[in-house]
Amino acid sequence: MMDSIWLVLGLALLPALGNFSGGLAAEASRTTGRRLNYALHGAAGLVIAVVAVEIMPRVLETLSLGNRPRFRAGRHCLRRYREAR
């Protein structure tokens, strides 16, 4: 039992050490606007990927959008709007 606790604590410390060392590296180096732009776009892409792969299937399964009358009505209104254009 004690071995598993140390394993969990060791694995939990890895992200903390990574954040700390990344912070030290960020303080020690100069960051250009382009590099910051790339980093922020990469982080946003990861967040969108996680939402698309992990969260959206569960949400769609939970809501089951096709069976709710208000969503059918909204889909009908959207279809009529597109046809009118």
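Asks: Quick rundown of the overall build of the protein? Include the residues and the values.
Replies: Across its full length, the protein holds three helices and zero strands. Of all 85 residues assigned to the protein, the portion counted as buried reaches 0%.

Asks: Can you tell me about a nonpolar patch on the surface, naming the residues and giving the values?
Replies: A contiguous nonpolar patch, built from Val47, Val50, Val51, Ile55, Met56, Val59 and Leu60 and spanning about 530 Å² of accessible area, is present on the exposed surface. Within the secondary structure layout, Leu60 lies in helix α2 (residues 33–63). A relative accessible area of 42% places Leu60 in the partly exposed class.

Asks: Give a description of the confidence of the model for the protein that names residues and reports values.
Replies: Here the protein averages 82 in pLDDT, while 81% of its residues score no lower than 70. Mean pLDDT per element in the protein: helix α3 (residues 69–84) is the minimum at 70, and helix α1 (residues 2–28) is the maximum at 90.

Calculation rules
Residues numbered from 1 in each chain as written. Predicted model: local features only at pLDDT ≥ 70, side-chain atom pairs only at ≥ 80, totals over all residues. Heavy atoms only, no water. Helix = DSSP H or I, 4+ residues; strand = E, 2+ residues; numbered from the N terminus. Buried < 20%, exposed > 50% of the residue type's maximum accessible area, 1.4 Å probe, protein only. Patch = residues over 30% accessible without salt bridge, like charges linked within 9 Å, V, L, I, M, F, W, Y side chains within 5 Å. Areas by Shrake-Rupley, 256 points an atom, 1.4 Å probe, with all protein chains shown as cover. Salt bridge = Lys/Arg side-chain N within 4 Å of Asp/Glu carboxyl O. pLDDT = per-residue confidence, 0-100.

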